[in-house]
Amino acid sequence: MKAKEILNILATPWCSNQDIMKIVNVSSSTASKIKRCIEIEFRKKYPDKFMPAHCVPTKDVIKYFDIDIEFLKSLASIDLDDIDKK
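Residues numbered from 1 in each chain as written. Predicted model: local features only at pLDDT ≥ 70, side-chain atom pairs only at ≥ 80, totals over all residues. Heavy atoms only, no water.

Caption draft 1: The arrangement of unusual backbone geometry in detail. One non-glycine residue with positive phi stands out, namely Asn 25, at about 55°. Mapped onto the elements of the fold, Asn 25 is located in the loop between α2 (17-24) and α3 (28-45). Given the relative accessible area of 70%, Asn 25 is considered exposed. (Helix = DSSP H or I, 4+ residues; strand = E, 2+ residues; numbered from the N terminus. Buried < 20%, exposed > 50% of the residue type's maximum accessible area, 1.4 Å probe, protein only.)

Caption draft 2: Spatial organisation of helix α1 (residues 3-10). All of the buried residues along α1 are Ala 3, Ile 6, Leu 7, Ile 9 and Leu 10. One side of α1 holds all its buried residues, which, seen down the axis, span an arc of 160°. More than 90 degrees from the buried face of α1, the exposed residues found are Lys 4 and Asn 8. Looking at the buried residues of α1, the elements they touch are β1 (14-15), α2, α4 (58-65) and α5 (69-77). (Arc of directions from axis to C-beta. Contact = heavy atoms within 4.5 Å.)

Caption draft 3: A look at the packing of α3 against α4. Packing of α3 against α4 brings their axes to within 10 Å, and their N-to-C directions diverge by 110°. Classified by the angle their axes make, α3 and α4 are roughly perpendicular. For the pair α3 and α4, the crossing hand works out as right-handed. Here Ile 34, Cys 37, Ile 38, Phe 42 and Lys 45 of α3 lie close against α4, whose contacting residues are Asp 60, Val 61, Lys 63, Tyr 64 and Phe 65. (Axes fitted to C-alpha atoms, helices over the stretch in contact; angles between N-to-C directions. Parallel < 35°, antiparallel > 145°, perpendicular 65-115°, else oblique. Left-handed = near helix turned anticlockwise from the far one by under 90°.)

Caption draft 4: View of the packing of aromatic side chains. By the definition in use, this model includes two aromatic pairs. When the centroid spacing of 5.3 Å and the interplanar angle of 50° are considered together, the rings of Phe 42 and Tyr 46 count as tilted. The exposure class of Tyr 46 is partly exposed, given its relative accessible area of 27%. With centroids separated by 4.9 Å and ring planes inclined at 85°, the aromatic side chains of Tyr 64 and Phe 65 adopt a geometry described as edge-to-face. The exposure class assigned to Tyr 64 is partly exposed, which follows from its relative accessible area of 40%. Under the relative-accessibility criterion, Phe 65 is labelled partly exposed at 24%. Lying across the ring of Tyr 46, Lys 49 places its NZ or CZ 4.4 Å from the centre. (Phe/Tyr/Trp six-rings, centres within 6.5 Å; stacked < 30°, edge-to-face > 60°. Lys NZ or Arg CZ within 6 Å of the ring centre and 35° of its normal.)

This is the structure we're talking about:
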């Protein structure tokens, strides 16, 4: 998956199993386990906050995987066509 595609997913407020599968390239069952782990931590931290049934907050997914947004932005800004022309 390209950096731009990952950034598009991370630009949404909630991540589903499918989003987690795409971001870290894991199977459905692994993504479900990861989502459940993030959900448990969220519920411990914020027991009264709303969370959709099949999603977890994107900011918690970013923290869980320690995703470097600035690095992804720099990768997304590279125009591979210009590199190929040189």
